[in-house]
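So you can see what is in the structure, the chains are spelled out below.
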Amino acid sequence: MFETILYEVRKSAAWITLNRPDKLNSFNAQMHAELLSAFEKGDQDDDVRAIVITGAGRAFSAGQDLGEADAAFDYGELLTNRYNPIILKMAASQKPIVAVVNGTAAGAGFSLALAADFRLVSKKASFLNAFVHIGLVPDSGNTYYLPRMIGHAKALELMMLGEKISAEQADQLGLVTRMIPADGWDHEVSEFLDKIVSMPTKAIAMMKSNVQKSWNSTLEEVLDLEAEAQRLAGRSKDHLEGVRAFVEKRKPAFQGK
Ligand code: T3D
């Protein structure tokens with residue numbers, strides 16, 4: 001069904017693999033459309049409790065396919081019609097999104113990793129805010145997420161200087177959920193995903209939504225959001241299971257319901 005990405009559900013996680021390795025998984029029109037549809041598919045599947053985004057071959061993604069761009073290209077339209085719907089879909093997703101950063105993440109590929117909820121990063125990966133090198137500005141949510149994650153000064157530094165940062169540097173900046181050496185890669189990625197798919201998925205979705213809304217809300221509004229989310233979480237099967245498991249002194253078996 002998809003040609004530029006791979007989509008597979010394994011152990012309750014939907015794996016989306018950007019699959020244009022000879023172009024370092026850079027984005028063309030077909031990949032934009034397929035990625036959006038894959039995120040929708042994962043979000044709507046009740047058996048899916050986490051969505052993974054990763055890259056085939058040695059890169060995560062090199063951003064926009066620069067071979068596709070020409071003087072007639074309206075980059076504003078490109079962003080509005082192709083990148084922005086993906087970033088908005090990720091933010092609105094009811095499932096936690098894990099970027100499994102296997103290699104270089106550059107340009108919009110970096111932005112894509114930032115838009116995920118977690119970043120599992122290979123020790124050999126790197127991040128490059130490449131836009132400045134081709135006279136463009138960071139896009140696809142980069143100027144929203146990066147300063148919120150690492151602060152104004154460092155975000156501007158990465159944007160304006162466009163220097164490549166290693167996995168270790170990204171970790172020091174606070175961008176990395178887990179940094180994983182090559183020899184432990186499969187095991188540690190799988191262990192992390194097992195943990196995420198066994199969480200109370202509905203509560204996780206509400207945390208994600210409330211934290212996003214908190215950036216533009218007053219304390220009173222945030223307290224209301226928390227109260228509403230807690231009302232819903234308190235009625236969930238996973239809450240009942242959590243309390244029962246606590247009383248019975250065992251590990252809860254959350255169903256994501
Ligand atoms: O349309 C618009 O521009 C507006 C939207 C913008 C969103 C953006 O994402 S703008 C930013 C676009 N991305 C970049 O500027 C990154 C360009 N790539 C690089 O800087 C480097 O390739 C990397 C740092 C990512 C990796 O470097 P390295 O040395 O490991 O690999 P390489 O040799 O440079 O690349 C390997 C191949 O991938 C090469 O092809 P070849 O010579 O083997 O046939 C290279 O041309 C190709 N490749 C890498 N990036 C892209 C690409 N092909 C098309 N588009 C790319 N972005």
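Scroll up a little and you will see the structure.
Going along each chain's sequence as written, the residues are numbered from 1 onward. Where totals are concerned, whole chains, interfaces and linings use all residues; where local detail is concerned, this predicted model gives features only for residues with pLDDT of at least 70, and gives and counts side-chain atom pairs only at 80 or more. Only hydrogens and water are removed before side-chain values are computed, so all heavy atoms of the structure are retained for them.

1. Notes on the layout of surface pockets
Empty space among the atoms can be located by rolling a probe the size of a water molecule over them.
(1) Moving on: Think of a 1 Å grid over just the protein atoms. A cavity is a set of points where a 1.4 Å probe fits yet cannot get out, a pocket is an open set with protein on both sides within 12 Å along at least five of seven lines, and lining residues have an atom within 4 Å of a point. Grid points are joined across faces, edges and corners, and a volume is the space filled by probe spheres set on the points. Taken as a whole, the largest pocket encloses approximately 500 Å³ of empty space.
(2) Moving on: Lining the largest pocket are 19 residues, with Ala 116, Asp 117, Lys 208, Val 211 and Gln 212 sitting closest to its centre.
(3) Moving on: For the purposes of this entry, the term helix denotes a DSSP run of H or I that reaches at least four residues, the term strand denotes a run of E that reaches at least two, and both are numbered from the N terminus. Breaking the lining of the largest pocket down by element, the ones donating at least two residues are α3 (108-115), β7 (118-122), α4 (142-150) and α8 (201-214).
(4) Moving on: At 5 residues, α8 tops the list of elements feeding residues into the lining of the largest pocket.
(5) Moving on: As a working rule, the residues Ala, Val, Leu, Ile, Met, Phe, Trp, Tyr, Cys and Pro are called nonpolar, Asp, Glu, Lys and Arg charged, and the rest polar, with Gly in that last group. Classifying every residue of the lining of the largest pocket gives 14 nonpolar, 1 polar and 4 charged.
(6) Moving on: Here the second largest pocket is characterised by a volume of approximately 380 Å³.
(7) Moving on: Looking at the second largest pocket, it is lined by 20 residues, and the ones nearest its centre are Gln 64, Leu 66, Phe 131, Ile 134 and Leu 136.
(8) Moving on: Of the residues contributing to the lining of the second largest pocket, the split by class is 13 nonpolar, 5 polar and 2 charged.

2. Remarks on the pattern of salt bridges
(1) Moving on: Between Lys or Arg on one side and Asp or Glu on the other, a salt bridge is scored when a side-chain nitrogen of the former is within 4 Å of a carboxyl oxygen of the latter. Tallied over the full model, the rule gives 11 salt bridges.
(2) Moving on: Arg 244 is paired through a salt bridge with Glu 241; the nearest N and O atoms lie 3.8 Å apart. Taken together, the residues span about one helical turn, with Arg 244 and Glu 241 both in helix α10 (residues 237-247) at a distance of 3 residues.
(3) Moving on: Working definition: with a 1.4 Å probe on protein chains only, accessible area under 20% of the residue-type maximum means buried, over 50% means exposed, and in between means partly exposed. Exposure remark for Arg 244: the relative accessible area of 43% places this residue in the partly exposed category.
(4) Moving on: Several salt bridges converge on common partners, so that one network encompasses Glu 241, Arg 244, Glu 248 and Arg 250.

3. Let's talk about the packing of aromatic side chains
(1) Moving on: Ring geometry is summarised as follows: Phe, Tyr and Trp rings, the Trp one being its six-membered ring, pair when their centres sit within 6.5 Å, and such pairs are stacked at plane angles under 30 degrees, edge-to-face over 60 and tilted between the two. Summed over all chains, the structure comprises 6 aromatic pairs.
(2) Moving on: Plain terms: the ring middles of Phe 110 and Phe 127 are 5.4 Å apart, the flat faces sit at 50° to each other, and that makes the pair tilted. Of this pair, Phe 110 sits in helix α3 while Phe 127 sits in strand β8 (residues 126-128), and the two are 17 residues apart along the sequence.
(3) Moving on: The class of Phe 110 is buried, set by a relative accessible area of 1%.
(4) Moving on: Take Phe 127: its relative accessible area is 2%, and that puts it in the buried class.
(5) Moving on: Charge over a ring is defined by NZ of Lys or CZ of Arg lying within 6 Å of the ring centre and within 35 degrees of the ring normal. Positioned over the ring face of Trp 15 is Arg 10, at 4.4 Å from the centre of the ring.

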